[in-house]
Amino acid sequence: MLTPRFSVTQDEQYIIITMKIPGYLKLGEEDIVITEKLFKFHAHPYFLSLTFPCEVTDDGSQKATFDRVAGQLVVWVPKAVRGEFFPRLDMVTSLLTPRVAKLAPKIEVVGGDASCATEAMEGVAQPEEHTEGEPDWSFEQSIPEEESLNVLACKPQYGFNNCYSNFFQPLQEDIKELLDLLEPDSTTVSNRRTLRIEQENAKFEEQQDHYMVDFIDDEEIEKHLAFEPQWCVEHSRICKHATASTTPPISVCTESFASLSLEQRAVLNPATLVQAILDRTSITTQPTPENATTAPTLTTTQTTPQSTPTSQIDTSDTKEPLSQTTNTEFTTKMSAHQAEVDLIQMPPEYIQTLLSLPRKEYLISNTQELLNGLLQIMYSYCYDVRTTHDETTVESAWTISKLTPLLAWLDTPQNTRDALVGCYRRALTFPLYRHWDLTVRVAQDAVIIFKLGPRAIVRSLIAVKKIMETHEFRHYLNNLFIDDYCVWVQTLSRDQFLPFAREIEQAISSIHKADTGFPLESLEKKAVTIAMAEDEGAPQCDDTENGRPQQL
């Protein structure tokens, strides 16, 4: 079966699904199923199944039109609660992901009687009886030997949600091109961190002069600090949009983003202002209309519909009219959503990438741990964008993976502060530009992306994915982390990211130079002393390292 190219929009009464289907396709025997949160369409060889965040209904008012010239099929699916706003319809991967019941792990009671087994299985979802036409899952099982269980329990795990092990066994010859951790399938979690810290300490001590030079000769650093990445521009625009839509206005939002201080940028929270628009009132819930038995109908036309064909929709007296309150609330929410879509642009090729992602649901063991890992990936991506002025280079894959402890060492951060300290240490040790102010500014960039919400985060992750795809070996990191993060983030809302953004801000304010474990302040004093001596005519030694002059 083929999945057609599609897009999903909405109005107050309908979810509008637009599919690109060849005009020569014969329609008439197509199947359209609408039930609860599920929509299914089948017209051989095309099949589309979407799961919505809210309920839809088969009440007889559904309609479809087909433009053979444009090759475009549009289906109007009635909402169960008219005027309800369906969030995240632009996150197409999550719509394609089937919602399946999460079963508890299988349990076998050993050494007990039947009553013990019954008690142990209470509350555990049981498999359905096998029916004709379905696969038979009743195959023979055996309990592994005790030694095998111990080996399995001790095997190191890594990757998104710690779902992977033995991934690198076929890649041992090329592991140095992919990770700093040379034995990932045999190194324990605690040893990964110990080895990482030892590597960073040795590397920084070996190249202390690099930090001193960047501290004194900071002309390039200042250029990078002054650069405004895309998310900063969007941050400012959303803030101005929210200010124009709410009262009282916040005067700082009308200023140019470039003129704001670092403290003002950190405090500014446009996503909260946009959310304030959404949260002013709650949706008035109306009774769900009873499901009708009328099958969906299909009308063939020669023009592409631009709006809901109200003349073709059943508007019988059985449907409750929309209240003015619901109409106003839906319009407000839809306006805020459209403003977000307009202000946070997603390139068309990125949409196609979303469609190509695997359809998965995750049983997350530790959400905070995943967010901390996501922070490290966003940090390294922000560093690369800011220091290259958003012009990806051949070194971008190296930079992102090298600056991320999670990617370079498979070392999962313990908390948000630990995630930032790990990135700070590597940003001061490995890349071309090593400066304290730059490390802090990059962290503030990450805060802005999290405040902008899932759309900006997914866009950044896809950019990372595309960068990694160009590398001979680092594309494996997409399989381990990036692809799963792209899918998972689409299932979250801005409300879940805003508290984490505030947590990052608190961590930034609490981290000082000494917390890196490097003698930064003493090196800065030493650099100033050397610079003053050079200004008085002391001899100067020139050296080069990583393309940067050494003036000591």
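The structure presented is a predicted model; accordingly, all values stated were derived computationally and were not measured.

**Comments concerning the packing of helix α4 (residues 189–206) against helix α15 (residues 416–427)**
For any two helices packed against each other, the geometry is given by the interaxial angle and the distance between the axes. Direction vectors running N to C along α4 and α15 enclose 35°, while the axes themselves pass 10 Å from each other. Where α4 crosses over α15, the handedness of that crossing is left-handed. Residue-level contacts link Arg193, Arg196, Ile197, Gln199, Glu200 and Asn201 of α4 to Asp418, Gly422, Arg425 and Arg426 of α15.

**Quick notes on the packing of aromatic side chains**
For the structure shown, the criterion picks out 16 aromatic pairs. With centroids separated by 5.2 Å and ring planes inclined at 80°, the aromatic side chains of Phe167 and Phe168 adopt a geometry described as edge-to-face. Taking the relative accessible area as the measure of exposure, Phe167 reaches 22% and is therefore partly exposed. For Phe168, a relative accessible area of 0% translates into the label buried.

**What to know about unusual backbone geometry**
For residues besides glycine, phi is generally negative; the peptide bonds are generally trans as well. Residue Asn161 is not a glycine yet carries a positive backbone phi of 60°. Note on placement: Asn161 falls in the loop between α3 (146–154) and α4. With a phi close to 55°, Asn162 is a non-glycine residue in the positive phi region. With respect to the helices, strands and loops of the structure, Asn162 is situated in the loop between α3 and α4. Since its relative accessible area comes to 28%, Asn162 is described here as partly exposed.

**Overview of helix α20 (residues 520–535)**
Its 16 residues place the ends of α20 22 Å apart at the C-alpha level, agreeing with the 22 Å of an ideal helix rising 1.5 Å per residue. Within the span of α20, buried status applies to Leu520, Leu523, Glu524, Ala527, Ala531 and Glu534. Down the axis of α20, the sector holding all buried residues measures 100°, keeping them to one side. Within α20, the exposed residues directed more than 90 degrees away from the buried face are Lys525 and Thr529.

**With respect to the sheet that holds strand β3 (residues 31–35)**
Read from one edge of the open sheet, 3 strands run β3-β4-β5, paired in antiparallel fashion. Pairing within the sheet leaves two strands with one partner each, and these edge strands are β3 and β5 (46–51). Taking each pair of neighbouring strands and ignoring which way they run, the sheet shows an average axis angle of 5°. Direction of pairing for β3 relative to strand β4 (residues 38–43): antiparallel, over a ladder of 5 bridges. Within β4, the residue paired with Ile32 across the bridge is Phe41.

**A closer look at the pairing of strand β7 (residues 72–78)**
Counting buried residues in β7 gives 7 out of 7 residues, a clear majority hidden from the surface. Side chains of β7 alternate between two faces, with Gln72, Val74, Trp76 and Pro78 and Leu73, Val75 and Val77 buried alike. The pairing of strand β2 (residues 14–20) with β7 spans 7 bridges and is antiparallel. Residue Ile15 lies in a different strand from β7, and its bridge partner there is Val77.

**A few points about the environment of Met91**
Structurally, the position occupied by Met91 is in the loop between β7 and α1 (92–96). Note: C-alpha distance between Met91 and Val458 (367 residues apart in sequence) is 9.0 Å. What Met91 contacts, discounting residues up to four positions off in sequence, is Pro454, Arg455, Val458 and Gln490.

**Remarks on the nonpolar core**
Inside soluble globular proteins, nonpolar side chains tend to come together where they are buried. Ranked by size, the top nonpolar core spans 122 residues in total, and within it Phe39, Leu50, Phe52, Leu420, Phe450 and Tyr485 carry the most contacts. Residues within four places of Phe52 in sequence aside, it is in contact with Val8, Ile15, Ile17, Lys37, Phe39, Phe86, Leu89 and Leu95.

**What about the pairing of strand β6 (residues 63–67)?**
With respect to burial, β6 is a largely interior element, 5 of its 5 residues being buried. Side-chain alternation along β6 places Lys63, Thr65 and Asp67 on one buried face and Ala64 and Phe66 on a second face that is also buried. As judged from the 5 bridges shared by β6 and β7, these two strands associate in the antiparallel manner. Looking across to β7, one finds that Ala64 is bridged to Val75. Where β6 folds back on β7, the antiparallel hairpin that results is connected by 4 residues, among which Gly71 adopts a positive phi of roughly 65°.

**A closer look at helix α17 (residues 454–469)**
Its 16 residues give α17 an end-to-end C-alpha distance of 22 Å, which sits within 8% of 22 Å, the value for a rise of 1.5 Å per residue. With 14 of 16 residues buried, α17 is to be regarded as a mostly interior element.

**Side note on the confidence of the model for the protein**
Low pLDDT marks stretches whose predicted atomic positions should not be read closely. Counting all residues, the mean pLDDT for the protein is 77, and 68% of those residues have values of 70 or more. Here residues 116–152 is a poorly scored stretch, pLDDT under 50, and it has 15 contacts once near neighbours within four places are set aside; other chains count. In the predicted structure, residues 247–325 sits below a pLDDT of 50 and forms 152 contacts with residues beyond four places in sequence or in another chain.

**Considering the pattern of salt bridges**
Applying the stated criterion across every chain, the model contains 19 salt bridges. Taking the shortest distance from any N to any O, the salt bridge between Asp180 and Arg426 comes out at 2.8 Å. Here Arg426 lies in helix α15 and Asp180 lies in the loop between α3 and α4, a separation of 246 residues in the sequence. You can call Asp180 buried: its relative accessible area is 16%. Note on Arg426: relative accessible area 0%, which makes it buried. One salt bridge connects Asp484 with Lys360, and the closest N-O pair in it is separated by 3.0 Å. One end of the pair, Asp484, is in helix α18 (residues 476–489); the other, Lys360, is in the loop between α11 (348–356) and α12 (367–388), and 124 residues separate them in sequence.

**Details of the environment of Tyr381**
Relative to the helices and strands, Tyr381 is located in helix α12. The class for Tyr381 is buried, based on a relative accessible area of 10%. Spatially, the C-alpha atom of Tyr381 lies 8.5 Å from that of Ser396, the residues being 15 residues apart in sequence. If we ignore the near neighbours within four places in the chain, the residues touching Tyr381 are Trp231, Ile400, Ser460, Ala463 and Val464.

**Here we look at a negative patch on the surface**
Together, Glu173, Asp174, Glu177 and Glu472 make up a negatively charged patch on the protein surface. You can see Glu472 is positioned in the loop between α17 and α18. A residue is classified by how much of its surface remains accessible, and Glu472, at 60% relative accessible area, is exposed.

About the thresholds
- Residues numbered from 1 in each chain as written.
- Predicted model: local features only at pLDDT ≥ 70, side-chain atom pairs only at ≥ 80, totals over all residues.
- Heavy atoms only, no water.
- Axes fitted to C-alpha atoms, helices over the stretch in contact; angles between N-to-C directions.
- Helix = DSSP H or I, 4+ residues; strand = E, 2+ residues; numbered from the N terminus.
- Left-handed = near helix turned anticlockwise from the far one by under 90°.
- Contact = heavy atoms within 4.5 Å.
- Phe/Tyr/Trp six-rings, centres within 6.5 Å; stacked < 30°, edge-to-face > 60°.
- Buried < 20%, exposed > 50% of the residue type's maximum accessible area, 1.4 Å probe, protein only.
- Expected span 1.5 Å × (residues − 1).
- Arc of directions from axis to C-beta.
- Pairing = 2+ DSSP bridges.
- Core = buried A, V, L, I, M, F, W, Y, C linked by side-chain atoms within 4.5 Å.
- pLDDT = per-residue confidence, 0-100.
- Salt bridge = Lys/Arg side-chain N within 4 Å of Asp/Glu carboxyl O.
- Patch = residues over 30% accessible without salt bridge, like charges linked within 9 Å, V, L, I, M, F, W, Y side chains within 5 Å.
- Areas by Shrake-Rupley, 256 points an atom, 1.4 Å probe, with all protein chains shown as cover.
- Lys, Arg positive; Asp, Glu negative; His and termini not counted.
- Charge placed at Lys NZ, Arg CZ, Asp CG, Glu CD.

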